[in-house]
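An overview of the molecular structure
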Amino acid sequence: MGLISFLREKFKKKDSTTEKYSQGMEKSRKNFSSKLKNLSTRYKTVNQDYFDELEQILIESDVGINFTLNIIEEVLNRSETENIKDPEKINEILVDRMFVGYASKGDIQNEIRFEEGKPTVLLVVGVNGVGKTTTIAKLAYRYINKGKKVMLVAADTFRAGAIEQLSVWADRLGIDIVTGNPEADPASVAYDGVKKGKQNNCDLIIVDTAGRLQTKANLMAELAKIKRVIGKEIENAPQETFLIIDATTGQNGVVQAKAFAEVTTLTGVVITKMDGTSKGGIILAIRDELGVPVRFIGLGEKMEDLQEFDLDKYLYGLCVEDE
Ligand SMILES: Nc1nc2c(ncn2[C@@H]2O[C@H](COP(=O)(O)OP(=O)(O)OP(=O)(O)O)[C@@H](O)[C@H]2O)c(=O)[nH]1
Ligand SMILES: [Mg+2]
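Residues numbered from 1 in each chain as written. Chains lettered and ligands numbered in written order. Predicted model: local features only at pLDDT ≥ 70, side-chain atom pairs only at ≥ 80, totals over all residues. Heavy atoms only, no water.

Re the layout of surface pockets
Reported here for the largest pocket is a volume of approximately 370 Å³. Surrounding the largest pocket, 16 residues form its lining, I4, R8, K37, S40 and E88 being those nearest its centre. Within the residue set of the lining of the largest pocket, elements represented by two or more residues are helix 1 (3–10), helix 3 (26–42) and helix 6 (87–103). Among the elements that line the lining of the largest pocket, the one with the most residues is helix 3, at five residues. (1 Å grid on protein atoms, 1.4 Å probe; cavity = no way out; pocket = protein on both sides within 12 Å on 5 of 7 lines; lining within 4 Å. Points joined across faces, edges and corners; volume = space filled by probe spheres on them. Helix = DSSP H or I, 4+ residues; strand = E, 2+ residues; numbered from the N terminus.)

Here is the structure:
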């Protein structure tokens, strides 16, 4: 059985999270899966034109040029060596290779790993407006519901509004927040926040940072300083550094990811606004280019719309239409 059939069978009865993936990825599915289907109905057997069109569909879904070329080559090889000419079988192999392309890059444990006896610090980075602050609120909500003691730190002191925005979230969620004065040194706010979180025996301390695009050297120095002061208070912290990427920015998101990966060590990526794009392939491009796992995915604006990344559900959302 090919992966498309397997996923269709697996998710025949959709649970609530599969339903969220399915709804949140509707635009991407319309773009990708419908084109695949259309292609396989227009050709009786595959030929070079078929593969050219397939390549175009992959590129338009934003999985990236490298990933596209590699995957087309793999599918083409299998088609030739096993003499597979049926378009539907070819599409099955394609989705199968997409799965392997992601899974073969390593880690697929996505939930935050908590340490015994000391707080886990999560540093959140990313450029302007990608959804950092709302993602922080959603993550806080998620782990509060799992019984964790969560605290927020507003180390985005660049915009006065940013401190206010995070404070509103902390209020709504009923959790502590540490803020500094506008224009204060982000590292000093991060230090105060982590110190307080440690004193209060928090399980998770989430640190919001400013999303301004600076020069690489500045950004690197600032993130290094924040990490250093956090590490002074809690050994090995920050244990997690998540980069937030807006799915609607397409390949520009991949460029951002590469830039951040050059200046700091990332332990995960969160893709936001998946519901607002028809190019949901960006997850495969980021994984392919950086190897960093996509830990969570934003499928809408509500608190529950941030979901743990699940490769099966993602490929189901992208590639499988209801019959
Ligand atoms: N539809 C949708 N909207 C989202 C998602 N995540 C975030 N948003 C929206 O994106 C907008 C920007 O979110 P913020 O959290 O303020 O972004 P930010 O990165 O903190 O922005 P700066 O602090 O200005 O750098 C808000 O209107 C959010 O509601 C998502 O998964 N889906
Ligand atoms: Mg913000």
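Regarding the domain arrangement of the protein chain
What the domain assignment reports for the protein chain is domain 1 (13–103) and domain 2 (120–312). A straight line from the C-alpha centre of domain 1 to that of domain 2 covers 32 Å. Listed as interface residues are 19 residues of domain 1 and, on the opposing side, 29 residues of domain 2. Between domain 1 and domain 2 lies a buried interface of about 2,200 Å² when both sides are counted; carbon and sulfur atoms form 57% of it. Together, Y21, D62 and Y102 form the three largest contributors to the area buried by domain 1 at its contact with domain 2, with a combined 37%. At the surface where domain 1 touches domain 2, the tally comes to one salt bridge. In this structure, D305 engages K20 in a salt bridge whose closest nitrogen and oxygen atoms are separated by 3.6 Å. For the pair domain 1 and domain 2, the interface holds 11 residue pairs in polar contact (both at pLDDT 80 or more). Elements supplying a minimum of two residues to the side of domain 1 that touches domain 2: helix 2 (16–24), helix 3, helix 5 (65–81) and helix 6. Its residues placed into classes, the side of domain 1 that touches domain 2 shows eight nonpolar, seven polar and four charged. (Domains from an automatic or database assignment. Contact = heavy atoms within 4.5 Å. Buried area = accessible area lost by both parts, 1.4 Å probe. Salt bridge = Lys/Arg side-chain N within 4 Å of Asp/Glu carboxyl O. Polar contact = N/O pair within 3.5 Å; in protein donor to acceptor, adjacent residues only side chain to side chain. Nonpolar A, V, L, I, M, F, W, Y, C, P; charged D, E, K, R; others polar.)

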